[in-house]
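Reading the structure
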Amino acid sequence: MQKLKYAVKTVVKSEERERCVVMFGMPEEVGENVLHESVGKLLEEIAPSHDTSRSGTSCSRIGRKRPDISRPVRVCFTDRTSAHSVLRNSSKLKNSERFGK
């Protein structure tokens, strides 16, 4: 019975990881609503067909807040195909006026 519980937990964690994407270099701003809006704008640039307001996308910062470093952002999607499409189209950011350097 313990082996079965362990196997189920392992599969659930693996599926959860497949639905998440970690983004680096996003500036620290005050408030979770601002973070969600920033991530929404970024996702619009990468995958215009993906609507963050209706998709159930959740995002949060990882780590402790420090004044000199911006923390990475963990974005979790409802399904792994959305996460894979964002990763597949992430190269579009290099040519973006808003996010390109």
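Look up a bit, the structure's there.
All values derive from a computational prediction rather than experimental measurement.

Our next topic: the state of the cysteines. Within the structure shown, the criterion is met by one disulfide. A disulfide bridge connects C20 with C76, and the sulfur atoms are separated by 2.4 Å. Torsion about the S-S bond of the C20 and C76 cystine: about 95 degrees, corresponding to right-handed handedness. One end of the pair, C20, is in strand β1 (residues 20–23); the other, C76, is in strand β3 (residues 73–76), with 56 residues separating them in the sequence. Using a relative accessible area of 15% as the deciding quantity, one classes C20 as buried. Judged by relative accessible area, which is 13%, C76 ranks as buried. A disulfide-free cysteine, C59 has its sulfur positioned 9.2 Å from the sulfur of C76, the nearest such atom. Judged by its relative accessible area of 12%, C59 is buried.

Basis of the calculations
Residues numbered from 1 in each chain as written. Predicted model: local features only at pLDDT ≥ 70, side-chain atom pairs only at ≥ 80, totals over all residues. Heavy atoms only, no water. Disulfide = S-S within 2.5 Å. Helix = DSSP H or I, 4+ residues; strand = E, 2+ residues; numbered from the N terminus. Buried < 20%, exposed > 50% of the residue type's maximum accessible area, 1.4 Å probe, protein only.

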